[in-house]
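Below are the chains, spelled out letter by letter.
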Amino acid sequence: MSNDRLDELRARVDEVNLQILKLINERGRLVQEIGKIKETQGTYRYDPVRERKMLDLILEYNDGPFETATLKHIFKEIFKAGLELQEDDHRKALLVSRKKKPENTIVNIKGEKIGDGNQYFVMGPCAVESYEQVAEVAKAVKQHGLKLLRGGAYKPRTSPYDFQGLGVEGLKILKRIAAEYDLAVISEIVTPADIETALDYIDVIQIGARNMQNFELLKAAGQVNKPVLLKRGLAATIEEFINAAEYIMSQGNDQIILCERGIRTYERATRNTLDISAVPILKKETHLPVFVDVTHSTGRRDLLLPCAKAALAIGADGVMAEVHPDPAVALSDSAQQMDIAQFNEFMEELKSFQRQMVKA
Ligand SMILES: [Mn+2]
């Protein structure tokens with residue numbers, strides 16, 4: 001008799017389990033639908049006010065035998081599972097994600113195919129100061145068989161009284177240098193209004209760390225047919241960085257290079273903290289090429305070479321660093337730019353390091 005009763009109760013427990021399963025999945029589907037509506041409104045994030053209301057309602061109707069704390073815990077887990085479901089769907093939908101496009105995106109810059117498995121170098125002065133200054137660096141870049149030259153014409157500086165760049169004059173210098181030395185030039189643009197202008201002068205639009213979440217600028221860069229090098233913001237998470245790239249790609253431009261340039265931490269031994277593990281994470285999460293800027297991440301000349309080696313070893317698609325004919329008199333980032341001799345040594349060391357990596 002008692003065994004029959006036990007079997008009966010167990011059968012009912014099984015039944016209830018299946019009902020709970022059905023209800024949990026039904027809840028999941030509803031949450032997914034809510035997620036889709038939120039996505040069209042541009043909001044994905046979890047809503048604590050809503051969660052509090054749901055929890056209060058559940059606890060209000062609780063007549064036991066479970067304690068409030070136990071039920072709170074169980075429902076928090078259910079809420080969390082629903083939220084994760086939303087996040088998965090959202091990530092699946094991102095245009096920049098590997099899930100959306102498994103193969104690498106190749107960014108074609110004047111025939112240089114960034115993202116093709118080779119590792120590239122972007123070298124040049126922090127700021128364009130004069131034709132002669134850039135030409136001297138261009139000569140050295142050319143001698144190493146490199147193609148990509150950087151130089152800032154618009155300089156967003158920490159202080160409004162610091163050198164702000166030559167503006168269009170700087171872009172003109174870059175265009176002339178690119179033609180004379182057969183190089184591709186990369187320069188930062190800081191306002192949406194200048195994107196159109198830049199198209200005539202440069203080969204790659206750089207969006208700097210301070211503008212990583214300048215959404216109007218990102219959208220404007222997404223609407224043109226020109227490669228974009230997007231730097232990670234100084235306090236941006238990897239997720240925020242990926243979403244910034246999504247802003248560009250959502251407008252139609254898929255020619256995007258991501259650039260890790262160090263993040264702000266409590267560490268003061270370096271100007272920023274180079275987040276080297278961001279490289280394989282970004283390569284895994286997105287299909288975009290990833291560069292490492294060793295100059296701004298470290299802010300220290302003595303760390304450029306070891307950090308560049310780390311970038312190459314961890315699988316970055318390219319390394320960016322600053323070179324100036326006479327860093328001592330540079331109008332910006334004077335302490336961390338290499339002079340030409342240091343640059344030559346830097347390149348020789350990196351080339352031999354690359355040969356060692358191939359052998360190993
Ligand atoms: Mn700089």
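As a reminder, the structure under discussion sits directly above these lines.
Residues numbered from 1 in each chain as written. Predicted model: local features only at pLDDT ≥ 70, side-chain atom pairs only at ≥ 80, totals over all residues. Heavy atoms only, no water.

Student: Explain the state of the cysteines to me, please; I cannot follow it from the model alone.
Tutor: Such a bond, covalent and formed between the sulfur atoms of two cysteines, is termed a disulfide. Per the counting criterion, the structure on display carries zero disulfides. The structure places no disulfide on Cys-259, whose sulfur is separated from the nearest cysteine sulfur, that of Cys-307, by 13 Å. (Disulfide = S-S within 2.5 Å.)

Student: Is there a simple way to think about the side chain of Lys-226 in this case?
Tutor: Checked against the element boundaries, Lys-226 lands in the loop between α7 (215–222) and β7 (228–231). No salt bridge is formed by the buried Lys-226, whose closest oppositely charged neighbour, Asp-203, lies at an N-O distance of 4.9 Å. Among the polar contacts made by the side chain of Lys-226, one reaches the main-chain carbonyl oxygen of Leu-199 at a distance of 3.2 Å. Among the polar contacts made by the side chain of Lys-226, one reaches the main-chain carbonyl oxygen of Ile-202 at a distance of 2.6 Å. Dropping the residues within four chain positions of it, Lys-226 is found in contact with Leu-199, Ile-202, Asp-203, Val-204, Ile-205, Asn-253 and Gln-255. (Helix = DSSP H or I, 4+ residues; strand = E, 2+ residues; numbered from the N terminus. Buried < 20%, exposed > 50% of the residue type's maximum accessible area, 1.4 Å probe, protein only. Lys, Arg positive; Asp, Glu negative; His and termini not counted. Salt bridge = Lys/Arg side-chain N within 4 Å of Asp/Glu carboxyl O. Polar contact = N/O pair within 3.5 Å; in protein donor to acceptor, adjacent residues only side chain to side chain. Contact = heavy atoms within 4.5 Å.)

Student: Can you help me understand the sheet that holds strand β6 (residues 204–207) in this one?
Tutor: Hydrogen bonds between backbone atoms are what pair the strands of a sheet, whose relative direction is either parallel or antiparallel. Strand order around the closed barrel formed by eight strands is β3-β4-β5-β6-β7-β8-β9-β10, with parallel pairing between neighbours. The mean angle between the axes of side-by-side strands here comes to 25 degrees, regardless of whether they run parallel or antiparallel. Where strand β3 (residues 120–124) meets strand β4 (residues 148–150), two bridges bridge the pair, whose relative direction is parallel. Pairing of Val-122 across the sheet is with Leu-148, part of β4. Running over the sheet, helix α4 (residues 131–143) touches β3 and β4 and is turned about 155 degrees from β4. (Pairing = 2+ DSSP bridges. Axes fitted to C-alpha atoms, helices over the stretch in contact; angles between N-to-C directions.)

Student: Would you take a moment to explain the pattern of salt bridges for this structure?
Tutor: Side chains carrying opposite charge are able to pair once their charged atoms draw close together. Applying the stated rule across the entire model yields 18 salt bridges. Glu-216 is paired through a salt bridge with Lys-219; the nearest N and O atoms lie 3.3 Å apart. Of this pair, Glu-216 and Lys-219 both sit in helix α7, three residues apart, which is roughly one turn of the helix. Put simply, Arg-232, Glu-260 and Asp-275 are held in one network by salt bridges that share partners.

Student: Even after reading the chapter, I still don't get the environment of Val-168, so can you show me in this structure?
Tutor: Tracing the chain through its elements places Val-168 in helix α5 (residues 168–181). Contacts of Val-168, omitting those with residues within four sequence positions, involve Tyr-154 and Tyr-201.

Student: Sorry if this is basic, but what is going on with the coordination of the manganese ion here?
Tutor: Each donor-metal-donor angle in an ideal tetrahedron of four donors is 109.5 degrees, and each such angle in an ideal octahedron of six donors is either 90 or 180 degrees. Those protein atoms acting as donors to the manganese ion are Cys-126 (SG), His-296 (NE2), Glu-322 (OE), Glu-322 (OE) and Asp-333 (OD), and they sit at 1.9 to 2.8 Å. For the manganese ion, the single-chain donor residues occur in sequence as C-x169-H-x25-E-x10-D. Remark: Asp-333 occurs in the loop between β10 (318–322) and α12 (340–359) and His-296 occurs in helix α10 (residues 294–298); sequence separation between them is 37 residues. As far as the burial class goes, His-296 and Asp-333 line up, both buried. (Donors = N, O, S within 2.8 Å, 3.2 Å for Na, K, Ca; no water.)

Student: Explanation requested: the pairing of strand β9 (residues 290–293) in the structure shown.
Tutor: For a regular strand, side chains alternate in direction, first toward one face of the sheet and then toward the other. Residue alternation in β9 divides its side chains into two sets, Val-290 and Val-292 and Phe-291 and Asp-293, and both sets are buried. Pairing geometry for strand β8 (residues 256–260) and β9, over three bridges, is parallel. Bridge pairing in β9 links Leu-258 to Val-290. For the crossover from β8 across helix α9 (residues 278–285) to β9, the handedness is right-handed. (Right-handed = clockwise from strand over helix to strand, strands pointing away.)

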